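Structure assessment
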Amino acid sequence: MTFRAVLFDLDNTLCDVVSARVRYAVHAARAAGIQLDAAGLRHAAEEGTETVTSLLKHEQVRRAAWRTMPSHDIACHVEFSQAARSVVERIGSQAQVGIVSNGRSRTQMVKLRQALGDVALWPIVISGQVGVRKPARRIFDHALALLGMPADEVLFVGDDPLEDMLGAARVGMRACWISHGRSPEQLTCAVDYVIEAIDELPEAIHA
Ligand SMILES: [Mg+2]
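Residues numbered from 1 in each chain as written. Predicted model: local features only at pLDDT ≥ 70, side-chain atom pairs only at ≥ 80, totals over all residues. Heavy atoms only, no water.

**Here's the deal with the overall build of the chain**
Helix and strand counts for the chain come out as ten helices and six strands. Going through the 207 residues of the chain one by one, you find that 49% of them count as buried. Taking the contacts inside the chain whose residues are at least 6 apart along the sequence as the reference set, 63% of them involve residues at least 24 apart. Entry remark: accessible area of the chain is about 10100 Å², with carbon and sulfur atoms responsible for 49%. (Helix = DSSP H or I, 4+ residues; strand = E, 2+ residues; numbered from the N terminus. Buried < 20%, exposed > 50% of the residue type's maximum accessible area, 1.4 Å probe, protein only. Contact = heavy atoms within 4.5 Å. Areas by Shrake-Rupley, 256 points an atom, 1.4 Å probe, with all protein chains shown as cover.)

**What to know about helix 2 (residues 38-47)**
Regarding helix 2, the residues found buried are Leu-41, Ala-44 and Ala-45. Along the axis of helix 2, the buried positions cluster into a sector of 100°, meaning they face one direction only. The outward face of helix 2, more than 90 degrees from its buried face, is lined by the exposed residues Ala-39 and Glu-47. Residues of helix 2 that are buried in the fold lie against helix 1 (17-31) and helix 3 (49-55). (Arc of directions from axis to C-beta.)

**Observations regarding the coordination of the magnesium ion**
Note on metal geometry: ideal angles are 109.5 degrees for four donors arranged tetrahedrally and 90 or 180 degrees for six donors arranged octahedrally. Within the protein, the magnesium ion binds to Asp-9 (OD), Asp-11 (O) and Asp-159 (OD); these donor distances fall in the range 2.0 to 2.2 Å. In the primary structure, the donors to the magnesium ion are separated according to the pattern D-x1-D-x147-D. Separated by 150 residues along the polypeptide, Asp-9 in the loop between strand 1 (5-8) and helix 1 and Asp-159 in the loop between strand 4 (154-158) and helix 9 (161-170) bring together distant segments of the chain. Here Asp-9 falls in the buried class, since its relative accessible area comes to 6%. Owing to a relative accessible area of 11%, Asp-159 belongs among the buried residues under this scheme. (Donors = N, O, S within 2.8 Å, 3.2 Å for Na, K, Ca; no water.)

**Focus: a negative patch on the surface**
On the surface, Glu-196, Asp-199, Glu-200 and Glu-203 cluster together into a patch of negative charge. With respect to the secondary-structure elements, Glu-203 resides in helix 10 (residues 201-204). Judged by its relative accessible area of 67%, Glu-203 falls in the exposed class. (Patch = residues over 30% accessible without salt bridge, like charges linked within 9 Å, V, L, I, M, F, W, Y side chains within 5 Å. Salt bridge = Lys/Arg side-chain N within 4 Å of Asp/Glu carboxyl O. Lys, Arg positive; Asp, Glu negative; His and termini not counted. Charge placed at Lys NZ, Arg CZ, Asp CG, Glu CD.)

And the structure:
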């Protein structure tokens, strides 16, 4: 492996946040005695957190969810991923491994802990903490400064064509796109690797 560091996106790269949104909505709807359409829910979960919560727009649902759930936070519905954990550990034995993620600091740290358990990652750069979001150059430059490495020795792994791939490529990092089966036509920049799922990463980069 030629990389001194591998930086990962978090949502839908190391943790399955789409499934967490579905579990959250199912739980909240059940608590309120409401039936959600499964296909519509999956579609909403892929759209984002706000679309899911808009399905649960009745105050009755929100109150019921609040009473019955251990936490109102979708982050708590992220499940442990042995695949992600194994990849991070395997690559971490040969290179520095860290995170660059968009979101609120507390929320992203909960997701990270839920998905990977206790694992050594550094740096962990979260937009809510540093005040700038991907794909802005500044958040990638901040991570590089912490690493103290030139951009071309760092691989960025993520699922978002714009926030992750374009953002990382613009600062000169190498880039690996997790397609989740989507067409490469969604990419707006050249990337070094395309894989369908996180467990293909070590083989793709020969770690
Ligand atoms: Mg993502």
